[in-house]
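Remarks on the overall topology
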Amino acid sequence: MTSSSKELISIVIPTFNEEGNIVKIYTELEKELKEIYPFELIFVNDGSTDKSLEVILNLAKKDSRVKYIDFSRNFGHQAALRAGLKKASGACTISLDADLQHPPKLIPEMLKKWKEGYQVVYTIRDDTNSQTSYFKKITSLYFYRLINKLSDTEIEQGAADFRLLDSKVLNDINSFQEKDIFFRGLSSWVGYRQFKINYTPNPRLWGETKYSFKRMILFAITGITSFSTRPLTFSIIIGVVISAFTFIYALYALYIKIFTDEAISGWSSLIVSVLFIGGVQMIILGIIGQYIGKIFLEVKGRPDYLIKDES
Ligand code: UDP
Ligand code: MG
């Protein structure tokens, strides 16, 4: 069978200040795919301030398989992913990063699994031999532990936004109304037949990471609050535990007061308990606030990104 009689494959690449990577990833993808499938490459320019857009437009001029979406400003990786996935028209769609950390060499294998009948082929980053920074390894380890404790949706340690989705699954996901999408959780939540591939990430080809520590924390909070309301039950548990202790202590204090001549002196215990309760209340308010904030953002119904131009 020649490649032209086969179904179209879509590739989605969120791009934010990646001018030095775009041509390289285009070349690599074209090398992997040209023999086996017809394809379209969708670059989503997420408000880059460098020459990324120019490079993409140049490619699109030369090669009609290159499509693009240009955001009106930077809306973030997940929003870019979402826009790209909405535009994809292939029989299956693969998303990957522009920096070549997700090796395009894996794509033929992913497509093979898809042909075998798997509707989701996801990848797990294997950090043991890679040059990923120690800091990133540790934060990522604890992030996945925490998220799996707090949520009913299992997200595997090292899950990456490098995955293949069958058009059936993609149609489902595209029909979701929620704005604040966390794809790593969602692609596990959808079910279907899933296949896992491990890969060793390459070092970033050019430029530097866009995920600062602050962004990673925000990303983690999105991950947790998108998939679970379990943090809300914390307040109940903590409340019950503290009340139980307080009750026992009250009995003790009453006993001393009624049956002995002593009095419990208590500046330290008083101030410690007041501050402790105050701290716990603030934390719980913060957790509730996160969810209310989410409701607010969803209810407003404002789009999660704006498109300035697309092909
Ligand atoms: N990205 C994006 N918008 C952003 C931040 C990142 O589209 O606001 C893209 C970026 O161009 C890259 C991918 O998302 O293709 C992953 O970003 P990065 O490589 O910086 O993350 P890391 O691999 O360090 O986690
Ligand atoms: Mg990267």
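Summarised in this report is the structure supplied together with it. Note that the structure is a prediction, hence the values are computed from the model and not measured.

What counts, and at which threshold
As a convention, each chain's residues are numbered from 1 in the sequence order in which they are written. Naming scheme: in the order in which they are written, chains are lettered from A and ligands are numbered from 1. Residues qualify for local features only when their pLDDT is at least 70, as the model is predicted, and side-chain atom pairs are given and counted only at 80 or more; totals for whole chains, interfaces and linings, by contrast, use all residues. To obtain the side-chain values, all non-hydrogen atoms of the structure were used and water was disregarded. Angular values range over 0 to 180 degrees, each being the angle between N-to-C directions of two axes fitted as lines to C-alpha atoms, with helices fitted over their stretch in contact. Per the convention used, a helix needs a DSSP run of H or I reaching at least four residues, while a strand needs a run of E reaching at least two, with both numbered from the N terminus. An angle below 35 degrees is read as roughly parallel, one above 145 as roughly antiparallel, one from 65 to 115 as roughly perpendicular, and any other as oblique. In this scheme the crossing of two helices becomes right-handed for a clockwise turn of the near helix relative to the far one and left-handed for an anticlockwise turn of less than a right angle. Note on contacts: a residue pair is in contact if any heavy atoms of the two residues lie within 4.5 Å. For Na, K and Ca the donor cut-off is 3.2 Å, while for other metals it is 2.8 Å, and in both cases only N, O and S atoms qualify; water is not among them, so sites may look incomplete. Note on exposure labels: buried denotes an accessible area under 20% of the residue type's maximum, exposed denotes more than 50%, and partly exposed covers the range between, all computed with a 1.4 Å probe on protein chains only. Here a residue is considered near a molecule or strand provided that any single heavy atom belonging to it is located within 4 Å of it. Any pair of N or O atoms that falls within 3.5 Å is considered a polar contact. Within protein, one atom must be able to donate a hydrogen and the other to accept it, and sequence-neighbouring residues count only if both atoms are side-chain atoms. Only the protein chains shown count as cover for residues, and the accessible areas themselves come from Shrake-Rupley with a 1.4 Å probe. Classification convention: Asp, Glu, Lys, Arg as charged; Ala, Val, Leu, Ile, Met, Phe, Trp, Tyr, Cys, Pro as nonpolar; all other residues, Gly among them, as polar.

In a packed pair of helices, the relevant descriptors are the angle between the two axes and the axis-to-axis distance. Contact pair helix α3 (residues 77-87) / helix α6 (residues 167-174): the axes reach a minimum separation of 10 Å and the direction vectors enclose 125°. It follows from the interaxial angle that α3 and α6 lie oblique. In this structure, α3 crosses over α6, and the sense of that crossing is left-handed. Listed contacts from α6 to Arg 82, Leu 85 and Lys 86 of α3 are Leu 170, Ile 173 and Asn 174.

Take the coordination of the magnesium ion (ligand 2) next. Only Asp 99 (OD) and Gln 101 (OE1) from the protein reach the magnesium ion (ligand 2) as donors, at distances of 1.9 Å. Under the relative-accessibility criterion, Asp 99 is labelled buried at 3%. Since its relative accessible area comes to 27%, Gln 101 is described here as partly exposed.

This part covers the site of ligand 1. Inspection of the region around ligand 1 gives 18 residues, with Glu 18, Asp 46, Asp 99, Thr 209 and Lys 210 positioned closest. Note that an oxygen atom of ligand 1 is positioned 2.9 Å from one of the backbone N or O atoms of Phe 16. Here Arg 204 contributes a side-chain N or O atom positioned 2.8 Å from an oxygen atom of ligand 1. Relative to its unbound accessible surface of 520 Å², ligand 1 loses 93% to contact with the protein. Partitioning the shell around ligand 1 into residue classes produces 4 nonpolar, 6 polar and 8 charged.

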